[in-house]
Amino acid sequence: MVRDLNMDCEEAIEYIKNNVKNYDKIEMSYNRVFTPGEVINIETCVLKGGQKSCTVLVHLDGDTIHNTVNIDLEKIKYDLIEVRHFPQDGEETLITIDTCEE
C-alpha cells in the first residue's frame, strides 16, 4: 500500500528531514532529473546570512561513473516535482509537490 501525500516544497523538505533515515530508499524528481537511490546521510544547517540548507547524500541505483550525489533540497525546492520514500520499516510514501511560492 502506498500513502499518497500532496505538499508544498517546504512541507516536503520537512517530511524528508523528519522521516527519511539513513539507508532508506528514495526517488526524487526535479527539473527533468530523476534521482533514485539509497540515502547515505541527511545534513541540515543554517549557513552564513541565515540561509537554510538540507543536503541529502544519495548513493544512486545502477552503474554510473559518479554514483554518489549531494542534493541540497533548499537549492532545488522550486523545481521539486515528486518524492517517493521507501523506508526500511514502514509504508511507502509518494509525495506530490503542489506549489511552492518564490
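Up top is the structure these notes are about.
A few points on the structure. These numbers come from a predicted model, not from an experiment.

**Observations concerning the environment of Leu5**
Part 1: Relative to the helices and strands, Leu5 resides in strand β1 (residues 2-7).
Part 2: Note on Leu5: relative accessible area 23%, which makes it partly exposed.
Part 3: For the pair Leu5 and Thr96, spaced 91 residues apart in sequence, the C-alpha separation works out to 6.3 Å.
Part 4: Not counting residues up to four positions away in its chain, the partners in contact with Leu5 are Thr93, Leu94, Ile95 and Thr96.

**Regarding the pattern of salt bridges**
Pairing between side chains of opposite charge can happen when their charged atoms approach one another.
Part 1: Tallied over the full model, the rule gives seven salt bridges.
Part 2: Here Lys25 makes a salt bridge to Asp61, at a shortest N to O gap of 3.4 Å. Of this pair, Lys25 sits in strand β2 (residues 25-30) while Asp61 is found in the loop between β4 (52-60) and β5 (68-72), placing the two residues 36 residues apart along the sequence.
Part 3: Asp61 sits in the partly exposed class, given a relative accessible area of 40%.
Part 4: Glu27 is paired through a salt bridge with Arg84; the nearest N and O atoms lie 3.8 Å apart.

**Quick word on unusual backbone geometry**
Part 1: For Asn31, which is not glycine, the phi torsion reads 40° and is therefore positive.
Part 2: One can find Asn31 in the loop between β2 and β3 (33-46).
Part 3: By relative accessible area, Asn31 is classed as partly exposed at 46%.
Part 4: Despite not being glycine, Arg32 shows a phi value in the positive range, around 65°.
Part 5: Residue placement: Arg32 occurs in the loop between β2 and β3.

Cut-offs used in this document
Residues numbered from 1 in each chain as written. Predicted model: local features only at pLDDT ≥ 70, side-chain atom pairs only at ≥ 80, totals over all residues. Heavy atoms only, no water. Helix = DSSP H or I, 4+ residues; strand = E, 2+ residues; numbered from the N terminus. Buried < 20%, exposed > 50% of the residue type's maximum accessible area, 1.4 Å probe, protein only. Contact = heavy atoms within 4.5 Å. Salt bridge = Lys/Arg side-chain N within 4 Å of Asp/Glu carboxyl O.

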